[in-house]
2 protein chains.
Amino acid sequence: MSGEFSGPAGIEEACRRAAAAFDPYRRTPDATRAAFLRATADRLRAAGEELVAAVRAETALTEARARTELDRTVNQLRMFADLLDDPAWASPKRLPALPDRRPAPRPDLRSRSVPIGPVAVFGASNFPLAFSTAGGDTASALAAGCPVVVKSHPAHPRTARLAAGCVLAAAAETGLPEGVFGLVVGEGNEPGERLVADPRIAAVAFTGSRAGGTALTTIANARPVPIPVYAEMSSVNPVFLLPSRLAAGTAEVAAGYVASLTASAGQFCTNPGLLLAVEGPHLDRFRAAVAGLVEKQPAQRMLHAGIAQAYRLGVAELTDLPAVTTLAVGTDPHGVPDACVPVVFQTDAATFHATPRLRDEVFGASGLLVACPAEDDLVELAQELPGQLTATLQAAPGDRDLARRLLPLLERRAGRIIYNGWPTGVEVAGPMVHGGPYPATADGRSTSVGPMAIDRFLRPVCYQGFPDDLAPC
Amino acid sequence: MSGEFSGPAGIEEACRRAAAAFDPYRRTPDATRAAFLRATADRLRAAGEELVAAVRAETALTEARARTELDRTVNQLRMFADLLDDPAWASPKRLPALPDRRPAPRPDLRSRSVPIGPVAVFGASNFPLAFSTAGGDTASALAAGCPVVVKSHPAHPRTARLAAGCVLAAAAETGLPEGVFGLVVGEGNEPGERLVADPRIAAVAFTGSRAGGTALTTIANARPVPIPVYAEMSSVNPVFLLPSRLAAGTAEVAAGYVASLTASAGQFCTNPGLLLAVEGPHLDRFRAAVAGLVEKQPAQRMLHAGIAQAYRLGVAELTDLPAVTTLAVGTDPHGVPDACVPVVFQTDAATFHATPRLRDEVFGASGLLVACPAEDDLVELAQELPGQLTATLQAAPGDRDLARRLLPLLERRAGRIIYNGWPTGVEVAGPMVHGGPYPATADGRSTSVGPMAIDRFLRPVCYQGFPDDLAPC
């Protein structure tokens, strides 16, 4: 496939083409880039069955999940196309000259956002469509006017190639330079590292592990010209289950929690890995309800063997920790390959406080329930949490005062705060923030979901004293 | 003075107070923070004579320049207060729930920008008021809701203390927690490095040398929790003097150039250190006009001895370079202490191309004129320039085609592009961008002048499913 590259020379060529495409591509009318995104969406839709089959073959995700993700991917591309229909996307500003102002005249001033340059996008293992080749990072960068070089995730090369084919065909159909999109394939860390170090790459978007995101950020910072890295890395997505809600809604909350914890074998960045509540008879009932549900949960196949192994190791580590006990484990009667057997651990506030390891993510359907002596401990522990993608309040009207105490603490630590919902299921919409302070992401000022994701690939430029026929805005 | 700190324990205490003040401060109504900024502006105005005297005593800036800078400082504070009068400053967004949507209901979604946390601001040597204690970085961070800890510049401690007194008195008058503002004093790099490394600091704003900005960025990136650094560092602010303009406006352009080059002894970040034009008789006339003006320019006293010494070294280095000649030097009949004697060097395109050193800033009134064989060389050299705060086109209607070729290249390399003006004199206004790709700044996505400067200290938060009485927006 033209547009697919591997090896050092191939990566070099992909970057060279992206750099060559940048100026012509960014100068296309907004309508052209919108047409390109819509054509890509149409082609993904047309290739839908093939894409769903590839996702299922390469990732062990269910057909329903693959179809939902395809819908989302198509919708994201169309959302960014719609965004370009409104010139406000580039934040144009204008202030006319005041030639007679004293002591000095004011020049005519205009500004707008311009694209930052070619973007390296890393395919995510857990979202082979929506956060990979033609996913949200690619869609937002292309909308901004940035050529994209995708590093294909080694776990789903065929899915990546199919999606890349759709983007490349749409680019050709729209009359765009071919370097506007490229796909880099290859095993190991080296191709991605080489891509991030290439002087023609101007920004990086990544969804994956903290180790991976940190490694890429280190490379980006050490370049002669450092570049921004938008790495979405890790989060335990704390849920604060407040007393009145716990008392009134035990069964409902338990069902919602277990469903969110186990959806897609827990392979969501927003998986609720941590739940905090106040000790007492209501919590005992909740524990029993959760245990009853989890013990009936069957094992699910994980994305690939490496992820399943990491899950088993993470679970084993928690199992061996003193003062952490296992509340409930799911079933695996048929020995599912690469299995995620759901598990909920429990501990007390003092142990959680004293064990930093418990604040780290175990990727998969592993939950930790922390029983606190009193409401004040919820507030205390909230202040110990590192940056998160989400934080959730499960609260009833009687919990208002406690919710009011917690809210400002969560606001400082999370990109999204959910009230009486669950963190999985990220709406692609205007106010969405899928981001959060470090280590949830490498850059807590940004979101990787929703229209605000385009801001990651823009920078402002001011034009002073320009005649109208030369001013670009 | 309460609110002034020194030594490791003092810096620790300043950060502790800032962290303690963050939550109460950020939860103040916008009107309270606006009143605080206006009260600070009023107090600076009331202390104006004392401030101007301190600036003059500590920096050798002229009285006119000190007064202009005071006006600007006062106006910046009022501009951010005015910004807070419009709730749009926090970019609030709202999307109502769609409970009946299929296949899944849409939750109610709101978002707004929230302050990032306590900000460390470094006083700049060349702007003792407008980019220092109560300058634009402080004003924008305080407007956002971030407490500020200023590292006082050692070159103007009394000015810093006076300005800090105004901020602290305004904070007390407005009923704000005292930790909302602190001043750290001390010699050498260690206090600033300690401040940036403090875990309670959430962002850094700096205006100064590339070495200084790079050192702080390295510290910030190496923290357990890395933080953004907004360092405005270095720029040669290229001026492209196009052929028709050169032919028609020799005297006017020469006068504008020399005035911009020598203003305030060239101690502006936007000083036009580089001018490129096409060789020929018109350029010979321009050279002669520039030489005539520069040779009459008297030496000016620089901000302090260290800066004057760095200027002398930089000029000596250029003087010694082969294929770089001295076009003109100013006069210094009276032996001004810490003198900046203006100088304009000249070279050819090939030498400029082959000598990366010539792309580096010499802070002060040192200009380099590059004579190019043809228009294409202007275009070639434009592509070799690193990131800049500004780029300027001096052009006549006959230069439109060449201007159109250069504009996209300059747009990729500069935060502000000026048409038939000069880069010095930065308007504080909505569309202003005082920023630019690395190494002009450490973060080319931002501006340190104008209302958009507040964005540096904000991050978005989404609220999902919140009842109205609990939702903060």
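In the annotation of an unreviewed UniProt entry, chain A is listed under the name Aldehyde dehydrogenase (NADP(+)) and assigned to Phytohabitans maris.

Visitor: Explanation requested: the sheet that holds strand β6 (residues 181-184) of chain A in the structure shown.
Guide: Backbone hydrogen bonds are what pair the strands of a sheet, in a parallel or an antiparallel way. All names here are of chain A. The strand order across the open sheet built from six strands is β1-β6-β5-β4-β7-β8, with neighbouring strands paired in parallel fashion. The open sheet has two free edges, formed respectively by β1 (4-5) and β8 (229-232), since each of these has just one partner strand. The pairing of strand β5 (residues 148-151) with β6 spans four bridges and is parallel. Residue valine 149 lies in a different strand from β6, and its bridge partner there is glycine 182. Strands β4 (119-122), β5, β6 and β7 (203-207) of the sheet are contacted by helix α5 (residues 136-144), whose axis makes an angle of about 165° with β5. Each of β1 and β6 touches helix α6 (residues 157-173); the most contacted strand, β6, lies at about 165° to it.

Visitor: Looking at this structure, how should I read the sheet that holds strand β8 (residues 229-232) of chain B?
Guide: Residues and elements named next belong to chain B. With parallel pairing, the six strands of this open sheet are ordered in space as β1-β6-β5-β4-β7-β8. The open sheet is flanked by β1 (4-5) and β8, the only strands paired with a single partner. Seen against the sheet, helix α6 (residues 157-173) touches β1 and β6 (181-184) and runs at an angle of roughly 165° to β6. Docked against the sheet, helix α7 (residues 190-197) engages β4 (119-122), β5 (148-151), β6 and β7 (203-207), running at close to 160° with respect to β5.

Visitor: Hey, could you run me through helix α8 (residues 210-222) of chain A in this one?
Guide: Counting along an α-helix, one turn takes 3.6 residues, and residues three or four places apart therefore face a common direction. Residue and element names in this part refer to chain A. A rise of 1.5 Å per residue sets the reference length of α8, with its 13 residues, at 18 Å; its end C-alpha atoms lie 18 Å apart and thus fit the reference within 8%. Turning to α8, its buried residues are Gly213, Leu216, Thr217 and Ala220. The buried residues of α8 occupy one face: seen down the axis, they fall within an arc of 105°. The outward face of α8, more than 90 degrees from its buried face, is lined by the exposed residues Ala211 and Ala222. For α8, the secondary structure elements touched by its buried residues are β4, α7 (190-197), β7 and β8.

Visitor: What exactly am I supposed to notice about the UniProt feature "domain: Aldehyde dehydrogenase" (unreviewed entry) in chain A here?
Guide: Here, UniProt's "domain: Aldehyde dehydrogenase" (unreviewed entry) annotation points to residues 9-299 of chain A. In the segment residues 9-299 of chain A, helix accounts for 51% and strand for 13%; the C-alpha atoms at its two ends are 43 Å apart.

Visitor: What exactly am I supposed to notice about the packing of aromatic side chains here?
Guide: How two aromatic rings sit relative to each other is set out by the distance from centre to centre and by the angle between their planes. For the structure shown, the criterion picks out 18 aromatic pairs over all chains. Taking 5.1 Å as the distance between ring centres and 65° as the angle between the ring planes, the aromatic pair formed by Phe127(A) and Phe131(A) counts as edge-to-face. For Phe127(A), a relative accessible area of 7% gives the class buried. Ring centres of Phe127(B) and Phe268(B) lie 5.8 Å apart, and the angle between their planes is 40°; on these two criteria the pair is classed as tilted. With a gap of 141 residues between them, Phe127(B) in the loop between β4 and α5 (136-144) and Phe268(B) in the loop between α10 (250-262) and β10 (274-278) connect regions that are remote in the sequence. The two residues Phe127(B) and Phe268(B) agree in class, both being buried. Members of the aromatic cluster, joined through ring pairs, are Phe127(A), Phe131(A) and Phe268(A). Across from the ring centre of Phe127(A), 4.5 Å away, lies the NZ or CZ of Arg65(A), which sits over that ring. Over the face of the ring belonging to Phe352(A) we find Arg359(A), whose NZ or CZ atom lies 5.6 Å from the ring centre.

Visitor: In this structure, what is going on with the interface of chain B and chain A? I would like to understand it.
Guide: How big an interface is tends to be reported as the loss of accessible area on association of its parts. With 65 residues of chain B in contact, the opposing surface of chain A contributes 65 residues. Taken together, the two surfaces of chain B and chain A that pack against each other cover about 5400 Å², and 57% of this comes from carbon and sulfur. Linking chain B with chain A are 14 salt bridges. As a salt-bridge pair, Asp469(A) and Arg400(B) come within 2.6 Å of each other at their nearest N and O atoms. Remark: the boundary between chain B and chain A carries 34 residue pairs in polar contact (both at pLDDT 80 or more). Going through the elements one at a time, α1 (7-26), β2 (93-95), β3 (109-115), α15 (400-411), β17 (414-419) and β18 (458-464) of chain B are the ones with two or more residues in the side of chain B that touches chain A. Looking at the side of chain B that touches chain A, its residues break down into 37 nonpolar, eight polar and 20 charged. Pairing geometry for strand β18 (residues 458-464) of chain A and β17(B), over three bridges, is parallel. When the sheet's bridge partners are listed, Gln464(A) is paired in β17(B) with Ile418(B).

Visitor: Could you clarify how one ought to interpret unusual backbone geometry in this entry?
Guide: Leaving glycine out, the prevailing phi sign among residues is negative, and the prevailing peptide bond configuration is trans. Between Tyr438(A) and the following residue, Pro439(A), the backbone shows a cis peptide bond with an omega angle of 5°. By the element assignment, Pro439(A) lies in the loop between β17 (414-419) and β18. The omega angle of the peptide bond from Arg102(B) to Pro103(B) is 0°, so this bond is cis rather than trans. Here Pro103(B) lies in the loop between β2 and β3. Here Ala60(A), not a glycine, exhibits a phi torsion of approximately 65°, which is positive. For Ala60(A), the position within the fold is in the loop between α3 (48-59) and α4 (63-84).

What counts and how
- Residues numbered from 1 in each chain as written.
- Chains lettered and ligands numbered in written order.
- Predicted model: local features only at pLDDT ≥ 70, side-chain atom pairs only at ≥ 80, totals over all residues.
- Heavy atoms only, no water.
- Pairing = 2+ DSSP bridges.
- Helix = DSSP H or I, 4+ residues; strand = E, 2+ residues; numbered from the N terminus.
- Contact = heavy atoms within 4.5 Å.
- Axes fitted to C-alpha atoms, helices over the stretch in contact; angles between N-to-C directions.
- Expected span 1.5 Å × (residues − 1).
- Buried < 20%, exposed > 50% of the residue type's maximum accessible area, 1.4 Å probe, protein only.
- Arc of directions from axis to C-beta.
- UniProt positions renumbered as here; feature names shortened; annotations may be inferred.
- Phe/Tyr/Trp six-rings, centres within 6.5 Å; stacked < 30°, edge-to-face > 60°.
- Lys NZ or Arg CZ within 6 Å of the ring centre and 35° of its normal.
- Buried area = accessible area lost by both parts, 1.4 Å probe.
- Salt bridge = Lys/Arg side-chain N within 4 Å of Asp/Glu carboxyl O.
- Polar contact = N/O pair within 3.5 Å; in protein donor to acceptor, adjacent residues only side chain to side chain.
- Nonpolar A, V, L, I, M, F, W, Y, C, P; charged D, E, K, R; others polar.

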